[in-house]
Every structure is written in structure tokens, then in C-alpha cells.
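Observations on chain architecture
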Amino acid sequence: MPKDPRVRRTRQLLQASLSTLLEKTPFSALSITDICKQADIARVTFYQHYDSKEALLLASVAEFFANLHQTINQDVLDQYLETGNVTALNSIQQVDLADPNQVRLVGVALQHVGTDVRKLMLASFLDTYKQREPELDDKKAQVVATFYVGGMLTLLEQFLGGQLAVSEAEFRVATLTLLRILRQGAIQSDILGDLPLP
């Protein structure tokens, strides 16, 4: 987030306006003019901050995706990854999936800027995971990240779309179980050594 409070306020206003408009209007039907009217700002001001409504949407969910892995207590996560003890996960604080506005924005972002969302998640996961698994070289870490992010996005889409009928707590366990499976199967068994990576 920018340091200048005026820039922060304008961006927060634009993001809040987008969220408000999405309560009643599909993203594909929104125009930049609609967003500017809702925010009570000039179009030129919009373009000083974002080059498109897709860029605004991505910025609106960037913190959510960046925090997916960074808000987890690493000691608790390590314990779960090593032992599989699900009760340890009860104390993990992850991003909030109960906020309906955030859920709506995430769903819209997955639908309209999914490739960019995938890039955000990959960067977030790699930043966090490379610190946890320093023995993995960059290429192997990228492979693990790609598997994890693909599975995580599928779980998230199913959860947000109502096809995965689980509680928020069960969803969190499912995403971390996916990470545990990848860690045990790909890293600890050294199956990644079979990949033809230089």
C-alpha cells in the first residue's frame, strides 16, 4: 500500500466503490464511469491509480491472496505438517472467508482475472515457502508452488461457489492438508528428484 495518505484514501475509495457496485451489478456490466460516479471522482483520477477496472479488481483482492500464507503461525503449521495433528490447526489464523464482500470480490477476481490471481498466489506461496524449505532449489519450489496453487484455487472456487459444502474451518484444514500431501509426497520422498530439471 502506498505511503501517501491521499493515494491510500483514493485507492480505498475506488476499491470500496467497486465492492458496492458488485452487490447489484455484474463485473462485466460495470464501466469505469460507473466506478468513478460511485466514488465521486474524475476519470482522470481513476487512471492515475489504475489502468483498467481489472487492475482495480486485482488490487482489491491482492492483500487477501498475499496474506493466504503469510498470516499462518509457522510453529503451528510446522507441527501440523510434521505430525498431521489437526487439533493444532485450531489456533491458526488465516484470512477471513466470512466477510461476504471479500468473498464476492474473490469470486469475481477468480472469474475475470484468474491468471493474475494465480500469479499473486504463486508469488505469495513462493515467498513464504522458500523460507520454510530452503533445501529446495528454485525450479523444484516452482513445481511445488504450481501444484499447490492449482489445487488451492480449485478448492477455493469450489468453496466460494458452494460446490464444496464444508465449514470455513474445514476448508482451512483442506488447504493445509493439500500442502502436507505435497510436502510429504514431493519433498520428503524426493520424488522431485525424478523431474528432468537441470
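The preceding data block contains the structure.
Here's what I pulled together on the structure shown here.

Rules of the game
- Residues numbered from 1 in each chain as written.
- Predicted model: local features only at pLDDT ≥ 70, side-chain atom pairs only at ≥ 80, totals over all residues.
- Heavy atoms only, no water.
- Phe/Tyr/Trp six-rings, centres within 6.5 Å; stacked < 30°, edge-to-face > 60°.
- Buried < 20%, exposed > 50% of the residue type's maximum accessible area, 1.4 Å probe, protein only.
- Lys NZ or Arg CZ within 6 Å of the ring centre and 35° of its normal.
- Salt bridge = Lys/Arg side-chain N within 4 Å of Asp/Glu carboxyl O.
- Helix = DSSP H or I, 4+ residues; strand = E, 2+ residues; numbered from the N terminus.
- Core = buried A, V, L, I, M, F, W, Y, C linked by side-chain atoms within 4.5 Å.
- Contact = heavy atoms within 4.5 Å.
- Arc of directions from axis to C-beta.
- Axes fitted to C-alpha atoms, helices over the stretch in contact; angles between N-to-C directions.
- Parallel < 35°, antiparallel > 145°, perpendicular 65-115°, else oblique.
- Left-handed = near helix turned anticlockwise from the far one by under 90°.
- Nonpolar A, V, L, I, M, F, W, Y, C, P; charged D, E, K, R; others polar.

The next thing to look at is the packing of aromatic side chains. Inspection of the entire model under this criterion finds four aromatic pairs. Ring centres 5.3 Å apart and planes at 80° place the aromatic pair F46 and Y47 in the edge-to-face group. Look at F46 and you get buried, because its relative accessible area is 0%. An aromatic cluster is defined as three or more aromatic residues linked by ring pairs; in this entry it consists of F46, Y47 and Y50. The residue whose ring lies beneath R11 is Y50, and the NZ or CZ to ring-centre distance is 5.8 Å.

What follows concerns the pattern of salt bridges. Opposite charge on two side chains permits pairing when their charged atoms draw close. Applying the stated criterion across every chain yields a total of two salt bridges. We note a salt bridge from R104 to E23, for which the minimum N-O separation is 3.7 Å. Linking R104 in helix 6 (residues 100-112) with E23 in the loop between helix 1 (5-22) and helix 2 (32-39), this pair joins segments that are 81 residues apart in sequence.

This part covers the nonpolar core. The nonpolar side chains of a soluble globular protein tend to be buried, and buried together. Judged by nonpolar contacts, the single largest core of 45 residues is most densely connected at L14, L18, F46, L57, F65, V117 and F125. Among the secondary structure elements, those contributing two or more residues to this core are helix 1, helix 2, helix 4 (53-70), helix 6, helix 7 (114-132), helix 8 (138-160) and helix 9 (168-188). Residues contacting V117, with those up to four places away along its chain left out, are L58, F65, A109, L110 and L153.

Inspection of the secondary structure assignment puts S19 in helix 1. On the accessibility criterion, S19 (11% relative accessible area) is buried. Those residues within four positions of S19 in sequence are excluded, and the remaining contacts are N101, R104 and L105.

Of all the residues in helix 2, the buried ones are I32, I35, C36 and A39. Down the axis, helix 2 shows its buried residues gathered within 100° of arc, on one side only. Positive backbone phi, at 60°, marks D40, one or two positions downstream of helix 2.

Next up on the list: the packing of helix 6 against helix 8. Look at helix 6 against helix 8: their axes get within 10 Å of each other, and the N-to-C directions meet at 125°. By the angle class used here, helix 6 and helix 8 are oblique. Remark: the crossing between helix 6 and helix 8 carries left-handed chirality. For the pair formed by helix 6 and helix 8, the contact residues are V103, V106, G107 and L110 on the first element and L153, L156, E157 and L160 on the second. Counted by class, the contact of helix 6 with helix 8 contains six nonpolar, one polar and one charged residues.

Turning to the packing of helix 1 against helix 2, a few remarks are in order. Taken N-terminus to C-terminus, the directions of helix 1 and helix 2 make an angle of 110°; their axes are 9 Å apart at the nearest point. Taken together, the axes of helix 1 and helix 2 lie roughly perpendicular to each other. Here helix 1 and helix 2 pass one another in a crossing that is right-handed. On the side of helix 1, the interface is formed by L13, L14, S17, L18, T20 and L21, while helix 2 contributes D34, I35, Q38 and A39. Looking at the contact of helix 1 with helix 2 residue by residue, the class counts come to six nonpolar, three polar and one charged.

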